[in-house]
Amino acid sequence: TDPYKGQRGLQTHNTWLQLLAEYGVIGGVVWGGSFFFSIFCYRRARKRMYGYPGWEWYGAICLGLESGAISSGIVLTFNSFQWYDYIYWHMISGPLALEIARRTSDRLDWLKPATRHEERPPPRYGRPGRLDVALGDIDLAEQAPMSMGGRAG
């Protein structure tokens, strides 16, 4: 019953049972499934972002959201609430966290430098030696003259 009408209502003192009483088995399965699915999504998101340097904070946020979902489920077991609005965020934030982790990890993988599987070819004129270049042997006669920016030099 509406608590503002001053009537006495019947409460189960367990939100899960209250949900079953109000929404039936299908509604209870949707609510319970969304809780377990959100916890699953948080764990998958943490696993997906593990190993990316600089993104440890995202795993910490997902761990906090996961612990919030678990503690919310425990509280709902021992308390009965008439307003379930504050619990809806689990239905959205779990899959959203996983989708953010998927897209971010795909983008980070795409930005990684490609690994070379073959060796680089040796230099065309042999390996450079130390102090083998004599400045007098450099011939720049066939090179284009450099401009000094309009000044006579």
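What you see is a predicted model, and the numbers here were worked out from it, not measured in a lab.

How each quantity is defined
- Residues numbered from 1 in each chain as written.
- Predicted model: local features only at pLDDT ≥ 70, side-chain atom pairs only at ≥ 80, totals over all residues.
- Heavy atoms only, no water.
- Helix = DSSP H or I, 4+ residues; strand = E, 2+ residues; numbered from the N terminus.
- Contact = heavy atoms within 4.5 Å.
- Areas by Shrake-Rupley, 256 points an atom, 1.4 Å probe, with all protein chains shown as cover.
- Axes fitted to C-alpha atoms, helices over the stretch in contact; angles between N-to-C directions.
- Parallel < 35°, antiparallel > 145°, perpendicular 65-115°, else oblique.
- Left-handed = near helix turned anticlockwise from the far one by under 90°.
- Core = buried A, V, L, I, M, F, W, Y, C linked by side-chain atoms within 4.5 Å.
- Buried < 20%, exposed > 50% of the residue type's maximum accessible area, 1.4 Å probe, protein only.
- Phe/Tyr/Trp six-rings, centres within 6.5 Å; stacked < 30°, edge-to-face > 60°.
- Expected span 1.5 Å × (residues − 1).
- Bend = angle between axes of the 7 residues up to and from the residue.
- Polar contact = N/O pair within 3.5 Å; in protein donor to acceptor, adjacent residues only side chain to side chain.
- Patch = residues over 30% accessible without salt bridge, like charges linked within 9 Å, V, L, I, M, F, W, Y side chains within 5 Å.
- Salt bridge = Lys/Arg side-chain N within 4 Å of Asp/Glu carboxyl O.

1. Regarding the overall build of the chain
Point 1. Helix and strand counts for the chain stand at 3 helices and 0 strands.
Point 2. Counted from the first residue to the last, the chain has its helices and strands arranged as α-α-α.
Point 3. At a minimum sequence separation of 6, the contacts of the chain that also span at least 24 residues come to 72%.
Point 4. Element-wise, carbon and sulfur atoms account for 60% of the exposed surface of the chain, whose accessible area totals about 12,600 Å².

2. Examining the packing of helix H2 (residues 56–78) against helix H3 (residues 89–111)
Point 1. Following both chains from N to C, one finds H2 and H3 inclined at 160°, their axes separated by 11 Å at the closest point. Relative to H3, the element H2 is oriented roughly antiparallel. Note that H2 runs across H3; the crossing there is left-handed. Facing Tyr58, Cys62, Leu65, Gly68, Ala69 and Ser72 of H2, the residues of H3 in contact are Trp89, His90, Ala97, Ile100 and Ala101.

3. Concerning the environment of Lys47
Point 1. By the secondary structure assignment, Lys47 is in helix H1 (residues 15–49).
Point 2. Placed 12 residues apart in sequence, Lys47 and Gly59 show a C-alpha to C-alpha distance of 8.0 Å.

4. Section: the nonpolar core
Across soluble globular proteins, you tend to see nonpolar side chains buried next to one another.
Point 1. With 12 residues, the main nonpolar core is built from Ile39, Cys41, Tyr42, Ala45, Met49, Tyr52, Tyr58, Cys62, Ala69, Ala97, Leu98 and Ala101.
Point 2. Going through the elements one at a time, H1, H2 and H3 are the ones with two or more residues in this core.
Point 3. Looking at this core, the element that brings in the most residues is H1, giving 5 residues.
Point 4. Among residues more than four places away in sequence, those in contact with Ala45 are Tyr58, Cys62, Ala97, Leu98 and Ala101.
Point 5. Of all hydrophobic cores here, the second largest spans 5 residues; its members include Trp31, Phe35, Leu76 and Ile87.

5. Details of the packing of aromatic side chains
Point 1. Taken as a whole and assessed by the stated rule, the structure comprises 4 aromatic pairs.
Point 2. Ring centres 5.1 Å apart and planes at 85° place the aromatic pair Trp16 and Phe35 in the edge-to-face group.

6. Some details on H1
Point 1. If you check H1, its first and last C-alpha atoms are just 33 Å apart, much less than what 35 residues at 1.5 Å a residue would give, namely 51 Å.
Point 2. Roughly 130° is the biggest bend found in H1, and it falls at Tyr23.
Point 3. Between the side-chain oxygen at the start of H1 and the backbone nitrogen of Trp16 there is a gap of 2.8 Å, and the oxygen is on Asn14.
Point 4. Positive phi appears at Gly51, one or two residues downstream of H1, with a value of about 95°.

7. A few points about the environment of His13
Point 1. Structurally, the position occupied by His13 is in the segment before H1.
Point 2. Note: C-alpha distance between His13 and Ser80 (67 residues apart in sequence) is 4.4 Å.
Point 3. Apart from the residues lying within four places of it in its own chain, the contact partners of His13 are Thr77, Phe78, Asn79 and Ser80.

8. Details of the packing of H1 against H2
Point 1. It is the contact of H1 with H2, at a shortest axis distance of 9 Å, that shows an interaxial angle of 160°. Viewed along their axes, H1 and H2 adopt a mutual orientation that is roughly antiparallel. Between H1 and H2 the crossing geometry is left-handed. Mapping the contact onto sequence places Thr15, Trp16, Phe35, Ser38, Ile39, Tyr42, Arg43, Ala45, Arg46 and Met49 in H1 and Tyr58, Gly59, Cys62, Leu63, Leu65, Glu66, Ala69, Ile70, Ser72, Gly73, Leu76 and Thr77 in H2.

9. Here we look at a nonpolar patch on the surface
Point 1. Together, Leu17, Leu20, Val25 and Val29 give the surface a local cluster of nonpolar side chains, amounting to about 370 Å² of exposed area.
Point 2. Mapped onto the secondary structure, Val25 falls in helix H1.

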